[in-house]
Amino acid sequence: MRVDGWALDDQASIGAGIGAVHVWARKIGPLVPGETAPVFLGEAALNVARPDVARAFGARFNRAGFSLTTRLDPGTWEVTAFVWNRRTGRWEDARSAQVTVR
């Protein structure tokens, strides 16, 4: 499974202003013995080209994308990407999507 997206701080002085994106997953529905929730999937690679974001927000945000390739067991999951803002030094935003792995 691949998690792709974009994040930016429009007040950043250099680049997109994002220092990290951590991706977590939480299984939806009843857990079976031995399962825990949530699960840390990893830290996404930053500086991925996103010409669509550059068109919408300006050329300096051309590399505002992130990407993570990971594996999840079958089931329905809520996958959440948490964004670390370099300028403020805080986890500032999170976006989730529900996915079904077969």
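Thresholds, definitions, all that
- Residues numbered from 1 in each chain as written.
- Predicted model: local features only at pLDDT ≥ 70, side-chain atom pairs only at ≥ 80, totals over all residues.
- Heavy atoms only, no water.
- Helix = DSSP H or I, 4+ residues; strand = E, 2+ residues; numbered from the N terminus.
- Contact = heavy atoms within 4.5 Å.
- Areas by Shrake-Rupley, 256 points an atom, 1.4 Å probe, with all protein chains shown as cover.
- Lys, Arg positive; Asp, Glu negative; His and termini not counted.
- Charge placed at Lys NZ, Arg CZ, Asp CG, Glu CD.
- 1 Å grid on protein atoms, 1.4 Å probe; cavity = no way out; pocket = protein on both sides within 12 Å on 5 of 7 lines; lining within 4 Å.
- Points joined across faces, edges and corners; volume = space filled by probe spheres on them.
- Nonpolar A, V, L, I, M, F, W, Y, C, P; charged D, E, K, R; others polar.
- Pairing = 2+ DSSP bridges.
- Axes fitted to C-alpha atoms, helices over the stretch in contact; angles between N-to-C directions.
- Core = buried A, V, L, I, M, F, W, Y, C linked by side-chain atoms within 4.5 Å.
- Buried < 20%, exposed > 50% of the residue type's maximum accessible area, 1.4 Å probe, protein only.

**Looking at the overall build of the chain**
Argument step 1. Scanning the chain from terminus to terminus reveals one helix and seven strands.
Argument step 2. Along the chain, helices (α) and strands (β) appear in the sequence β-β-β-β-α-β-β-β when read from the amino end.
Argument step 3. Each principal axis of the C-alpha atoms in the chain carries an extent, and together these give about 50 × 25 × 15 Å.
Argument step 4. Intrachain contacts of the chain at a sequence separation of at least 6 include 57% that bridge at least 24 residues.
Argument step 5. When the accessible surface of the chain is totalled, it reaches about 6,400 Å², and 52% of it is carbon and sulfur.
Argument step 6. Within the chain, one finds 13 positive and 10 negative side-chain charges whose respective centroids are separated by 4 Å.

**Re the layout of surface pockets**
Argument step 1. When its volume is computed, the largest pocket comes out at roughly 300 Å³.
Argument step 2. Lining the largest pocket are 15 residues, and of these Trp6, Ala7, Leu8, Val83 and Asp93 lie nearest its centre.
Argument step 3. At the level of elements, strand 1 (2–6), strand 6 (75–85) and strand 7 (90–101) are the ones that each hand at least two residues to the lining of the largest pocket.
Argument step 4. Counting residues per element, the lining of the largest pocket draws most heavily on strand 7, which supplies four residues.
Argument step 5. In terms of residue class, the lining of the largest pocket is built from eight nonpolar, two polar and five charged.
Argument step 6. For the lining of the second largest pocket, the elements supplying multiple residues, two or more each, are strand 2 (18–27), strand 4 (45–48) and strand 5 (65–69).
Argument step 7. The class makeup of the residues in the lining of the second largest pocket is eight nonpolar, four polar and three charged.

**Brief notes about the sheet that holds strand 1**
Argument step 1. Across the sheet, which stays open at both edges, the three strands sit in the order 1-5-4 with antiparallel pairing between neighbours. Bordering the open sheet on either side are strand 1 and strand 4, each of which pairs with just one other strand. Along the sheet, successive strands turn relative to each other by an average axial angle of 25°, direction set aside.
Argument step 2. Relative to strand 5, strand 4 runs antiparallel, the two being bridged by two bridges. Across the sheet, Val48 pairs through a bridge with Gly65, a residue of strand 5.

**Let's talk about the nonpolar core**
Argument step 1. Formed by 20 residues in total, the largest nonpolar core has its most connected members in Val21, Val23, Leu41, Leu72 and Val79.
Argument step 2. Listing elements by their share of this core, those giving two or more residues are strand 2, strand 5 and strand 6.
Argument step 3. Filtering out sequence-adjacent residues up to four positions away, Val79 remains in contact with Met1, Val3, Val23, Trp24, Ala25, Leu41, Leu72, Arg95, Ser96, Ala97 and Val99.

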